[in-house]
Amino acid sequence: MSAPAASPSDASFSPAIERALLGLDALAAQAVGLSDPNPRVACRLLLADGRVFEGHTQQAGGPHAEVMALRAAHAAGAVTQGATALVTLEPCSHHGRTPPCCDALIAAGIARVVVALQDPNPLVSGRGLARLRAAGVQVDVLPADHPLAVQTQELNIGFISRMVRGRPWVRLKMAASLDGTTALANGASQWITGPQARADGHAWRKRAGAVLTGIGTVEADDPKLDVRLVPTQRQPMRVVVDSRLALKPTAQLFNVPGPVLVYTTANPDDCNGTDGQSVAGLPQEPLQPLQGPGAARVGDMATRWQQLTDVGATVIRTPVSGPQQKTDLPALLADLARREVNELHLEVGHKLGGSFLREGLVDELLLYMAPRLLGPGAGLAHIGPFESLTQSLDWQFTDVSRVGADLRILARRAGGWPAADASHLATASSASDPATSARPAAAA
C-alpha cells in the first residue's frame, strides 16, 4: 500500500523562503474540524510585488488551499504570474470532488511550488509534482527532517494512515486517577478530571472523523460523543459497537446532527436481508447495512433494528472473530476507512479498550490523570493477566503536559507505525513532538 517516492529537490532554500514557511502549519491546522475527510492543507502565495496571499482547505467539496489562496489574490486584483506557491501537501492532480489544484496553479502562471510533503493518496502520489514540472513549474520538496514536513505529517497522520494502511489512525482516550481507576466500583466516573482536561479532550474529538464507544459505556453514561466544549464546524460521526443491538433509540447520541453507525454481530444465519451477503465477502466495499424488516434476527432483534433505523442509525453487520465470537475489530477499522474516517477517537470502557489494545490496533494513547486516589474500581484497560514482564504492551511517551490541575500524557506504540514504516513518503519522518502546532491546547 506504499506510495511511490518523490524525488526531493537538492535546491537550497533562501532565508526569505524559510521565513515565509513559518506559520504554515498553524494555517493548515485551521482546517481541523472542517476539511475531513480531505487532508488539512495550507497554501501561501509569494507574489513578485511582495504581497502575500494564503488559504487553507475548506469543507469536503469546497475549495482546496491552493484555490483559496488564488481567490484571495484575484479578489485583490493581484497578478499571480511568476509567483511562488508554498504548499504543505502536494497539489492534487485528479478530479475528485473538485478539479485538480495543479491545473489552477499552472493556469495562474505560478513559477515555483515548494511542497512540504508528498500526497500518499494513490490518485496523486507524485503525479501532482510531475504534472507541475511538465508544465515548466520549478518544484522543490522540503527535506524529511524539515520542521514543516514533520508538522504536516503529524497534522495529517490520520489521512496518511488511511491512504497507506487502509485504516484510520486510532487514538484511545482515557481519564484516570493516580492509582489508575477510571470508574468507581459502582460505575461512577463523572467527573474524574477537571473542566480544562475535558475541554482539551473535546479538542481531540474535533480532530476525529468518528468517535467510537461500546454499548456498555452508552448504557452507563449515555454520552453524546459530540464536540461541545471547543468551537467546530462539523461533528464527528458517532460509532457504537453493540453486538446485542441493545442501543436505545432515546440515547443522547441521537440528539446530535450527523451519522450514527451501529456495528453488530447479528448472526448471518438468522438474517434474510435483501443484500444476502456476509460482510466477509465484501473486502473492497463498505460493510453493508442490514436491510429490510427481516435483516436482523427474528423477533425482538428485528424490532430493535427497526427502532434504530427509524431514528437515523445505520446498522451494520460485522464478522466475528475468536472463540467468544466478538466483533472483528480489524474489519470494523477497514470499514471505517472505506467510509473515509481518517482519525478514530476511542472513548470506551476497559473491556473494549483492552480488546483494541490486545489486537495491536491502538496507535496512540491520550491519557488524562487526575491528582486523586480512588481505590478499587475499573482499571485503564482489561489486558492480561501476564506471566512475564516480557509480555507487556510497550509504549513511548511523546508528550506530557499540565492541563489545568491534571496531567495529559500522549504515548505511541513502541515500534509502531509510522516509525517502523516510513518509506511510503519521501519526506516522511518520525516526529518526537506528537502534534506540534496541531496539538489541541489546554482550555483557559
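Residues numbered from 1 in each chain as written. Predicted model: local features only at pLDDT ≥ 70, side-chain atom pairs only at ≥ 80, totals over all residues. Heavy atoms only, no water.

A. Expanded view of the overall build of the protein chain. Within the protein chain, the regular secondary structure consists of twelve helices and 18 strands. The buried share of the protein chain, reckoned over its 444 residues, is 55%. Counted over contacts in the protein chain with a minimum sequence separation of 6, partners at least 24 positions apart contribute 74%. Of the roughly 18,500 Å² that the protein chain leaves accessible, carbon and sulfur atoms contribute 53%. (Helix = DSSP H or I, 4+ residues; strand = E, 2+ residues; numbered from the N terminus. Buried < 20%, exposed > 50% of the residue type's maximum accessible area, 1.4 Å probe, protein only. Contact = heavy atoms within 4.5 Å. Areas by Shrake-Rupley, 256 points an atom, 1.4 Å probe, with all protein chains shown as cover.)

B. Up close: helix 8 (residues 195-207). When the terminal C-alpha atoms of helix 8 are compared, their 19 Å separation across 13 residues agrees well with the 18 Å that a helix rising 1.5 Å per residue should span. When we look at burial in helix 8, the residues that qualify are A197, A199, D200, G201, H202, A203, W204, R205 and R207. (Expected span 1.5 Å × (residues − 1).)

C. Just the side chain of T327, in detail. Looking at the secondary structure, you find T327 in strand 13 (residues 326-327). When its relative accessible area of 8% is taken as the criterion, T327 is described as buried. Residues within four places of T327 in sequence aside, it is in contact with V241, T265, T318, P319, S321 and L332.

D. Local environment of a nonpolar patch on the surface. There is a patch of nonpolar side chains on the surface, built from I383, F386 and L393 and spanning about 230 Å² of accessible area. Note that L393 resides in the loop between strand 16 (377-378) and strand 17 (395-403). (Patch = residues over 30% accessible without salt bridge, like charges linked within 9 Å, V, L, I, M, F, W, Y side chains within 5 Å. Salt bridge = Lys/Arg side-chain N within 4 Å of Asp/Glu carboxyl O.)

E. Structural view of the sheet that holds strand 5 (residues 138-141). Pairing is mixed in the open sheet, where five strands are placed in the order 2-1-3-4-5. For this open sheet the edge positions go to strand 2 (52-56) and strand 5, each flanked by a neighbour on one side alone. With direction set aside, neighbouring strand axes in the sheet form an average angle of 15°. By the bridge criterion, four bridges tie strand 4 (residues 112-115) to strand 5 in an arrangement that is parallel. Note on strand 5: the bridge partner recorded for R112 is Q138. Taken strand by strand, helix 3 (residues 65-75) contacts strand 1 (42-46), strand 2 and strand 3 (84-87), and its axis lies near 145° from that of strand 2. Sheet strands in contact with helix 5 (residues 127-134) are strand 4 and strand 5, and its direction is about 150° off that of strand 5. (Pairing = 2+ DSSP bridges. Axes fitted to C-alpha atoms, helices over the stretch in contact; angles between N-to-C directions.)

F. Up close: the side chain of R165. Mapped onto the secondary structure, R165 falls in helix 7 (residues 157-165). Reaching out from R165, the side chain makes a polar contact with the side chain of D363 at a distance of 2.9 Å. (Polar contact = N/O pair within 3.5 Å; in protein donor to acceptor, adjacent residues only side chain to side chain.)

G. Summary view of helix 5. Within helix 5, burial applies to G128, L129 and L132. Looking down the long axis of helix 5, one finds its buried residues gathered within 100° of arc, a one-sided arrangement. On its buried side, helix 5 packs onto helix 4 (101-107), strand 4 and strand 5. (Arc of directions from axis to C-beta.)

H. The pattern of salt bridges, seen in detail. Taken as a whole, this structure holds 19 salt bridges when the rule is applied. Residue E343 pairs with R40 through a salt bridge whose shortest N-O separation is 3.0 Å. Of this pair, E343 sits in strand 14 (residues 343-346) while R40 sits in the loop between helix 2 (24-29) and strand 1, and the two are 303 residues apart along the sequence. On the accessibility criterion, E343 (1% relative accessible area) is buried. The class of R40 is buried, set by a relative accessible area of 3%. The shortest N-O distance in the salt bridge between R44 and E54 comes to 2.9 Å. Note that R44 is positioned in strand 1 and E54 in strand 2, a separation of ten residues in sequence. By relative accessible area, which is 11% here, R44 ends up buried.

I. The nonpolar core, seen in detail. Judged by nonpolar contacts, the single largest core of 33 residues is most densely connected at C43, L45, A85, L105, I110, V113 and L132. Listing elements by their share of this core, those giving two or more residues are strand 1, helix 3, strand 3, helix 4, strand 4, helix 5, strand 5 and helix 7. The element best represented in this core is helix 7, accounting for five residues. Contact partners of L105, with chain neighbours within four places excluded, come to E66, L70, A85, P91, I110, V113 and L132. (Core = buried A, V, L, I, M, F, W, Y, C linked by side-chain atoms within 4.5 Å.)

J. Quick look at the confidence of the model for the protein chain. The predicted model of the protein chain averages 85 in pLDDT, with 83% of residues at 70 or higher. Every residue in residues 268-284 scores below 50 in pLDDT, and together they form 31 contacts with partners more than four places removed in sequence or on other chains. Scored below 50 in pLDDT, residues 420-444 makes 67 contacts in the model with residues more than four places away or belonging to other chains. (pLDDT = per-residue confidence, 0-100.)

K. Region of the structure containing the sheet that holds strand 15 (residues 364-370). Sheet architecture is open: nine strands sit in the order 11-10-9-8-14-6-15-18-17, paired in mixed fashion. Lying at the two open borders of the sheet, with one neighbouring strand each, are strand 11 (313-317) and strand 17. Put simply, the sheet's adjacent strands are angled 20° from each other on average, direction ignored. Across four bridges, strand 6 (residues 169-177) lies against strand 14 in parallel orientation. Residue pairing for strand 14: R171 is matched across the bridge by H345.

L. Structural context of the pairing of strand 11. Most of strand 11 is tucked away: four of the five residues are buried. Summarising the sheet, strand 10 (residues 260-264) and strand 11 pair through five bridges and their orientation is parallel. What sits directly across from Y263, in strand 11, is I316.

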